[in-house]
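# Fold and geometry: a report
The lines below spell out each chain.
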Amino acid sequence: QGSRVASPSHRSGLPRHCSRPPLAAAMSLKYAAAYMMAVLAGNDSPSAGDIQKILESVEAECDSSVAEKLVSELSGKTVHELIKDGKEKLKAFGGGGGGGGGAPAAAAAG
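These remarks concern the structure in this document.

It is worth spelling out the nonpolar core at this point. If you look at the biggest cluster of nonpolar residues, it comprises 11 residues: Tyr31, Ala34, Tyr35, Val39, Ala48, Ile51, Leu55, Ala67, Leu70, Leu74 and Val79. Only helix H1 (23–40), helix H2 (48–57) and helix H3 (64–74) provide two or more residues apiece to this core. Once residues lying within four places of it in the same chain are set aside, the contact partners of isoleucine 51 are Tyr31, Ala34, Tyr35, Ala67, Leu70 and Val71.

Written out as structure tokens, the structure reads:
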């Protein structure tokens, strides 16, 4: 029945047609999520060690330098302030969309 040839892949093991975001972008969310989980658990000022414990609890790799950088950048800020600032920045993007639902209503009226 012949042998199967495996498709070429990157070092990551993903097929070549699969793209991956840059390492920093791919990793940033899990560190932020772990930080937020610690805050939700009552720790208003999580340490890099706290982030590492959370990530390791789900068998995720943790680069301590990334965790330390996140903690240092968030030092002295509350999560509530960060969310508020983020919402203000998103307002600059404006709204969008909607608009597509008017045609059926107009047809029904006529």
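Our focus in this paragraph is the pattern of salt bridges. Summed over all chains, the structure comprises two salt bridges. Ionic pairing is found between lysine 69 and glutamate 73, a salt bridge with its closest N-O pair at 2.8 Å. Highlighted residues: lysine 69 and glutamate 73, both in helix H3, separated by four residues, approximately one helical turn. Two residues, lysine 91 and glutamate 88, come together in a salt bridge whose shortest N-O distance is 3.3 Å.

Thresholds applied
- Residues numbered from 1 in each chain as written.
- Predicted model: local features only at pLDDT ≥ 70, side-chain atom pairs only at ≥ 80, totals over all residues.
- Heavy atoms only, no water.
- Core = buried A, V, L, I, M, F, W, Y, C linked by side-chain atoms within 4.5 Å.
- Buried < 20%, exposed > 50% of the residue type's maximum accessible area, 1.4 Å probe, protein only.
- Helix = DSSP H or I, 4+ residues; strand = E, 2+ residues; numbered from the N terminus.
- Contact = heavy atoms within 4.5 Å.
- Salt bridge = Lys/Arg side-chain N within 4 Å of Asp/Glu carboxyl O.

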